[in-house]
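# Coordinate inspection notes
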Amino acid sequence: MAGSNSCSLESDFLTEFQFLGYYIGLSALLSSILNGLVIFSLWKSMKNIDTCGLMLLSLSVNDFLSPTFGYPMAAYASLQHKWIYGDDGLQMVWIISAFSGFGSLHHLMLLSGERFISITKPLKKEQLLSNNRTRYLIIFCWSSSLVWATFPLVGWNGYTLEGLQTMCSVNWQSKDAVEVSYIVSILVCCFLIPQIGIIYFNACILLEIRCMKKKARIEQGVNSSIYRGIKSISKQQSLMVAFMVLAFNLSWLPYAFTSIYTLFINVDKMSPVTTSIPAVFTKSATVLNPIVYFLFNKNYRKLFKAKVLARAVEVSRVN
């Protein structure tokens, strides 16, 4: 039965298989390069790295794992029109992908919290978020992500193929109460809570910057350097927040909605392609994260020019 189902999918969705394979492969390549550049530039400045830099380094390492070790297997399986790695490969790819995905969302909330403290409580930042405390929070992000990703190994839900049967997932279609409880738990703890946290922290940041700008305008005047500086920060902050929330939602909301629909409404009305596309778009998160936190931040652009481009020029001169 499974073999005939695979043959039917292969004959009906040849173009879709190719699209998934090349899209996942391109995501793997871009993610590895962009996150690798962030890791390299931050690692070269470890002596002077601050709490935000530590979190960004951890996020980039997290986002480097799945594109390097998980995406290529899914891409190749899609190009082969079937899953070729067996049950062990299925479990390995899910653990890597889920571990990286959960960790990414937790890191995004942690980074938002760090920026919230830096802007709204700058005098208490050292007390509230020391380097040691930051390391503990990062360890917690990694540990909790690993725990959530490995729960199916001990029987809380299970691993299966989804969509065109070339990508790994937990069993969203199960109606068993225990398995459904795991799905609801990850939707709440690994998606909804980070989403609420990101929106809350950044809304507070924007409100604080607006108050600072208003106070500077009243006390210093609209032509003062303080007012212009705060206005510039406000604009940059608004762009950062907009792209961060947009990237988060573009990557994960379609998959979350599809999963909820599959779980609570009617899975029979959804074609294999319909369930595959949202799962593929979640892989864009590892591409978008370094773009948001790297290309839209002056400090990291300067760091990139100082460390990466300078190194490239040095190597070219030697050759």
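- The chain is annotated in an unreviewed UniProt entry as C-like opsin from Tripedalia cystophora.
- Per UniProt, the chain carries the Subcellular location (unreviewed entry) text "Membrane".

### Some thoughts on the overall build of the chain
- In terms of regular secondary structure, the chain is built from twelve helices and two strands.
- Along its sequence from the N terminus, the chain presents helices and strands in the succession α-α-α-α-α-α-α-β-β-α-α-α-α-α.
- In the chain, which comprises 319 residues, the share counted as buried stands at 46%.
- In the chain, of all internal contacts separated by at least 6 residues, the share reaching a separation of at least 24 is 77%.

### What about the packing of aromatic side chains?
- Here the structure, examined in full by the defined rule, presents 14 aromatic pairs.
- Summarising the aromatic geometry, the rings of Phe116 and Phe201 are spaced 5.3 Å apart at their centres and angled 40 degrees between planes, so their arrangement reads as tilted. Linking Phe116 in helix α5 (residues 86–120) with Phe201 in helix α8 (residues 177–220), this pair joins segments that are 85 residues apart in sequence. Here Phe116 matches Phe201 in class, with each residue buried.
- Chaining the aromatic ring pairs together yields one cluster made of Trp148, Phe151, Trp156 and Tyr182.

### Points about the nonpolar core
- By size, the foremost hydrophobic cluster in this structure holds 69 residues, and its most contacted members are Trp94 and Tyr293.
- Per-element accounting of this core gives the leading share, 13 residues, to α5.

### Some thoughts on the UniProt feature "transmembrane region" (unreviewed entry) in the chain
- According to UniProt, the feature "transmembrane region" (unreviewed entry) maps to residues 20–42, 54–72, 92–113, 134–154, 182–207, 238–257 and 277–296 in the numbering used here.
- Along residues 20–42 the backbone is 100% helical and 0% strand, and the end-to-end C-alpha distance reaches 32 Å.
- The span residues 182–207 is 100% helical and 0% strand by assignment, and the distance between its end C-alpha atoms comes to 36 Å.

### Regarding unusual backbone geometry
- With a phi close to 70 degrees, His81 is a non-glycine residue in the positive phi region.
- Look at His81 and you get buried, because its relative accessible area is 12%.
- Positive phi is not limited to glycine here, since Asn157 has a value of about 70 degrees.
- Position of Asn157 relative to the elements: it lies in the loop between α7 (131–150) and β1 (159–162).
- Owing to a relative accessible area of 4%, Asn157 belongs among the buried residues under this scheme.

### A closer look at a nonpolar patch on the surface
- Among the surface-exposed residues, Val184, Val188, Leu192, Ile193, Ile196, Phe257, Ile260, Phe264 and Ile265 lie close enough to one another that they form a single nonpolar patch of about 810 Å² accessible area.
- When residues in the nonpolar patch are grouped by element, the largest group, five residues, is from α8.
- Its place among the elements puts Leu192 in helix α8.

### Some details on the packing of helix α3 (residues 51–69) against helix α4 (residues 71–80)
- In contact at an axis separation of 3 Å, α3 and α4 are set at 30 degrees when each is read in the N-to-C sense. For the element pair α3 / α4, the angle class is roughly parallel. Contacts between α3 and α4 involve Ser66, Pro67, Thr68 and Phe69 from the former and Tyr71, Pro72 and Met73 from the latter.
- The residue inventory of the contact of α3 with α4, partitioned by class, reads five nonpolar, two polar and no charged.

### So, the pairing of strand β2 (residues 167–170)
- Burial along β2 is two-sided: Met167 and Ser169 facing one way and Cys168 and Val170 facing the other are all buried.
- In this sheet, β2 lies alongside β1 in antiparallel orientation, the contact comprising four bridges. The residue bridging Thr160 from the neighbouring strand is Ser169, located in β2.
- Hairpin connection between β1 and β2: a loop of four residues separates the two successive antiparallel strands, and Gly163 in this loop has a positive phi of roughly 60 degrees.

### A closer look at α4
- Here α4 has its buried residues at Tyr71, Met73, Ala74, Ala75, Ala77 and Ser78.
- Looking one or two residues beyond α4, the residue adopting positive phi is His81, at roughly 70 degrees.

### Quick notes on the environment of Phe248
- Position of Phe248 among the secondary structure elements: in helix α9 (residues 225–264).
- Put simply, Phe248 and Leu105 are 143 residues apart on the chain and 8.1 Å apart in space, counted from C-alpha to C-alpha.

### Here's the deal with the packing of α3 against α5
- Between α3 and α5, whose axes approach to 9 Å, the crossing angle comes to 160 degrees. It follows that α3 is roughly antiparallel to α5 by the angle criterion. Relative to α5, the crossing made by α3 is left-handed. Between α3, through Thr51, Cys52, Met55, Leu56, Ser58, Leu59, Asn62, Asp63, Leu65, Ser66 and Phe69, and α5, the contact on the second element is made entirely by Ile96, Ser97, Phe99, Ser100, Gly103, Ser104, His107, Leu108, Leu110, Leu111 and Glu114.

### Quick word on the environment of Gly89
- Relative to the helices and strands, Gly89 is located in helix α5.
- A relative accessible area of 8% places Gly89 in the buried class.
- Separated by 16 residues in the primary sequence, Gly89 and Met73 have C-alpha atoms spaced 8.7 Å apart.
- Setting aside residues up to four positions removed in sequence, Gly89 forms contacts with Met73 and Trp83.

Rules used throughout
Residue indices follow the written sequence of each chain, beginning from 1 at its first position. With pLDDT at 70 or above as the cut-off, local features in this predicted model cover only qualifying residues; side-chain atom pairs require 80 or more to be listed or tallied, and sums for whole chains, interfaces and linings still use all residues. Hydrogen atoms and water are omitted, and side-chain values are computed over all heavy atoms in the structure. UniProt positions are given in the numbering used here, feature names are shortened, and annotations may be inferred rather than shown by experiment. Numbered from the N terminus, helices here are DSSP runs of H or I no shorter than four residues, and strands are runs of E no shorter than two. Only protein chains enter the accessibility calculation, which uses a 1.4 Å probe; a residue whose area is less than 20% of its type maximum is buried, one above 50% is exposed, and one in between is partly exposed. Contacts were defined at the residue level, with two residues in contact if any of their heavy atoms lie within 4.5 Å. Here a Phe, Tyr or Trp ring, Trp counted by its six-membered ring, pairs with any other such ring whose centre lies within 6.5 Å, and the pair is stacked when the planes are under 30 degrees apart, edge-to-face when over 60, and tilted otherwise. The term nonpolar core refers to a set of buried residues drawn from Ala, Val, Leu, Ile, Met, Phe, Trp, Tyr and Cys, joined through side-chain atoms within 4.5 Å. Only residues whose relative accessible area exceeds 30% and that form no salt bridge are eligible for patches; like-charged ones are grouped when within 9 Å, while nonpolar side chains (Val, Leu, Ile, Met, Phe, Trp, Tyr) are grouped when within 5 Å. Using the Shrake-Rupley algorithm and a 1.4 Å probe, accessible areas are obtained, with residue cover drawn only from the displayed protein chains. Every case where a carboxyl oxygen of Asp or Glu lies within 4 Å of a side-chain nitrogen of Lys or Arg is listed as a salt bridge. Between N-to-C directions, angles span 0 to 180 degrees; the directions come from axes that are lines fitted to C-alpha atoms, helices contributing only their stretch in contact. Note on angle classes: values under 35 degrees are labelled roughly parallel, values over 145 roughly antiparallel, values of 65 to 115 roughly perpendicular, and the remainder oblique. Residue classes follow a fixed rule: Ala, Val, Leu, Ile, Met, Phe, Trp, Tyr, Cys and Pro count as nonpolar, while Asp, Glu, Lys and Arg count as charged, and any other residue, Gly among them, counts as polar. Note on pairing: DSSP must find at least two bridges between two strands before they are called paired. Throughout, a crossing is termed right-handed when the near helix is turned clockwise from the far one, and left-handed when it is turned anticlockwise from it by less than a right angle.

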